[in-house]
Amino acid sequence: MAVLALAFYAGCSTTPPGGKPSLLPFRDSNPCSRFGPARIDILPITSIAPASASDREAVINTYIGLIDAFDSQIKSPVIFRFELFQRLQRSADPKGKRLIVWPDIDLTDPTANNNFWQDFLRAYLFTLPLQKSSADNCILHVTVICPSGKRLTADFIVRSK
């Protein structure tokens, strides 16, 4: 009996030395949330281009990469929000007055997500319309809303081609 008791209790503890038991890896309500984006990257090829022959209209071709915790570019079912701010020179906070807020782009549907995906760049391409007059000296602010509710943001100084 004593030998059996020693074999049963000899170092087979399920609780770590800290005292709290470790949770199983898939006990989260959504185990896929750990595979989502950790940060966003606005590619430097993002720029303002003329929309057509019109001198008054332009577009911002915006290239966004979603980066996971291991610095790999990924696709993810997220919602994108784009805002354009006036850029203030020599200021601690360079974002001035908000000029434009585009409607949110919901990429939680696989077909919509794939329509914006550029596989050769491993990034999303968004063509955002704007008036040429509001295109000078501005900051593009991008917010990504993940399925877990986490929000990621990035700013980019937009230049004309």
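Further up the page is the structure itself.
This section reports on the structure supplied with the text. In this text the structure is predicted, and so the values were computed from the model without any measurement.

So, on to the pattern of salt bridges. Under the defined criterion, the tally for this structure stands at five salt bridges. Residue Arg 81 pairs with Asp 104 through a salt bridge whose shortest N-O separation is 2.7 Å. With Arg 81 in strand 5 (residues 79–87) and Asp 104 in the loop between strand 6 (95–101) and strand 7 (105–106), the pair connects residues that are 23 residues apart, well separated along the chain. According to the relative accessible area criterion, Arg 81 is partly exposed, its value standing at 23%. Taking relative accessible area as the criterion, Asp 104 reaches 39% and is therefore assigned partly exposed. The closest approach of N and O atoms between Arg 98 and Glu 83, which form a salt bridge, is 2.7 Å. Here Arg 98 is found in strand 6, whereas its partner Glu 83 is found in strand 5, with 15 residues between them in sequence. A relative accessible area of 47% places Arg 98 in the partly exposed class. Assessed through its relative accessible area of 10%, Glu 83 is described here as buried.

Note: strand 3 (residues 57–67) against strand 9 (residues 123–131), eight bridges, orientation antiparallel. Bridge pairing in strand 9 links Val 59 to Pro 129.

What counts as what
- Residues numbered from 1 in each chain as written.
- Predicted model: local features only at pLDDT ≥ 70, side-chain atom pairs only at ≥ 80, totals over all residues.
- Heavy atoms only, no water.
- Salt bridge = Lys/Arg side-chain N within 4 Å of Asp/Glu carboxyl O.
- Helix = DSSP H or I, 4+ residues; strand = E, 2+ residues; numbered from the N terminus.
- Buried < 20%, exposed > 50% of the residue type's maximum accessible area, 1.4 Å probe, protein only.
- Pairing = 2+ DSSP bridges.

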